[in-house]
Amino acid sequence: MALLPILTAPDPRLKQKARPVGTVDADLVRLMDDMLETMYAAPGIGLAAPQVGVERRIIVVDIGKTEEDRAPICMANPEIVWVSDDDNTHEEGCLSVPDHYGQVVRPRVVRVRYLDRENEIREIEADGLLATVVQHEMDHLDGILFIDHLSALKRNMILRKLTKARKEAPVR
Ligand code: NI
């Protein structure tokens, strides 16, 4: 397994639409494992392939609070097949938008169909935090960041700060 570098906004690669996966093969399982390791190390509760520079429709999620609670979910080609009428507002952050947070409104419950690590079609119903994280990660596959759900004023302020922070950071 390997730690992957995480892209940060306003990197243009975060704004691209990711391509669907054909078959979940050994290479993609390895990518999922690397993404999980990268997410746990960050630490974060979700990561999408475009955040590590891979334009494929793959996300990993784990909302477990401790190592003992770990319950990783790996999804290829996730698709929302049903959403609840009622919404939920959650304060979101993102490993690609470090140190910034914002309130985002999304459907409270979603039903998601995807291919798992064994290339089997699965469906889960996610609510609460899991629903928020899954929808946030799926947005990444379409080049959408949580800041795109905020007002233009707030989004531009965050992007300006990120650009400034990057210029001041030592070259890596
Ligand atoms: Ni994110």
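Residues numbered from 1 in each chain as written. Predicted model: local features only at pLDDT ≥ 70, side-chain atom pairs only at ≥ 80, totals over all residues. Heavy atoms only, no water.

Undergrad: How do you make sense of the layout of surface pockets when you look at a structure like this?
TA: The probe, sized like a water molecule, is rolled over the atoms to show the empty space still left. In this structure, the second largest pocket encloses a volume near 370 Å³. Surrounding the second largest pocket, 22 residues form its lining, I45, E92, G93, C94 and L95 being those nearest its centre. If you tally residues by element for the lining of the second largest pocket, the top one is helix 2 (residues 128–141), at six residues. Broken down by class, the residue content of the lining of the second largest pocket amounts to nine nonpolar, nine polar and four charged. (1 Å grid on protein atoms, 1.4 Å probe; cavity = no way out; pocket = protein on both sides within 12 Å on 5 of 7 lines; lining within 4 Å. Points joined across faces, edges and corners; volume = space filled by probe spheres on them. Helix = DSSP H or I, 4+ residues; strand = E, 2+ residues; numbered from the N terminus. Nonpolar A, V, L, I, M, F, W, Y, C, P; charged D, E, K, R; others polar.)

Undergrad: I keep staring at the coordination of the nickel ion and nothing clicks. Help me out?
TA: Angles between donor atoms at a metal ideally measure 109.5 degrees for a four-coordinate tetrahedral arrangement and either 90 or 180 degrees for a six-coordinate octahedral one. The nickel ion binds to the protein through C94 (SG), H136 (NE2) and H140 (NE2); the donor distances cover 2.1 to 2.2 Å. Read N to C, the donor residues that coordinate the nickel ion are spaced as C-x41-H-x3-H. You can see H136 and its partner H140 sitting in helix 2, four residues apart, about one turn around the helix. Accessibility expressed as a relative area gives 1% for H140, which makes it buried. (Donors = N, O, S within 2.8 Å, 3.2 Å for Na, K, Ca; no water. Buried < 20%, exposed > 50% of the residue type's maximum accessible area, 1.4 Å probe, protein only.)

Undergrad: Just checking my understanding: could you explain helix 3 (residues 152–168) for this structure?
TA: An α-helical turn contains 3.6 residues, so a residue and the one three or four places further along point in the same direction. Taking 1.5 Å as the rise per residue, helix 3 with 17 residues should run 24 Å; its terminal C-alpha atoms sit 24 Å apart, in good agreement. Every buried residue belonging to helix 3 is among R155, I158 and L162, and all of these are buried. The buried residues of helix 3 all sit within an arc of 70° when viewed along its axis, so they share a single face. What points out from helix 3, more than 90 degrees from its buried face, is the exposed set L153, R160, K164, K167 and E168. (Expected span 1.5 Å × (residues − 1). Arc of directions from axis to C-beta.)

Undergrad: It is not clear to me how the pattern of salt bridges should be interpreted in this structure. Could you clarify?
TA: It is possible for side chains of opposite charge to pair when their charged atoms get near one another. Applying the stated rule across the entire model yields 14 salt bridges. K15 serves as the salt-bridge partner of D148, at 2.8 Å between the closest nitrogen and oxygen. Of the two residues, D148 sits in the loop between helix 2 and helix 3 while K15 sits in the segment before helix 1 (26–41), which places them 133 residues apart along the sequence. When its relative accessible area of 30% is taken as the criterion, D148 is described as partly exposed. Classification of K15 as partly exposed rests on a relative accessible area of 43%. Close ionic contact of D139 with R106 constitutes a salt bridge, the shortest N to O distance being 3.0 Å. One end of the pair, D139, is in helix 2; the other, R106, is in strand 5 (residues 102–107), and 33 residues separate them in sequence. (Salt bridge = Lys/Arg side-chain N within 4 Å of Asp/Glu carboxyl O.)

Undergrad: Sorry if this is basic, but what is going on with the packing of aromatic side chains here?
TA: Geometrically, a pair of aromatic rings is defined through the distance of the ring centres and the angle of the planes. One pass over the structure, following the stated rule, counts zero aromatic pairs. Seen from the ring of Y40, R70 lies directly overhead, with NZ or CZ sitting 3.6 Å from the centre. (Phe/Tyr/Trp six-rings, centres within 6.5 Å; stacked < 30°, edge-to-face > 60°. Lys NZ or Arg CZ within 6 Å of the ring centre and 35° of its normal.)

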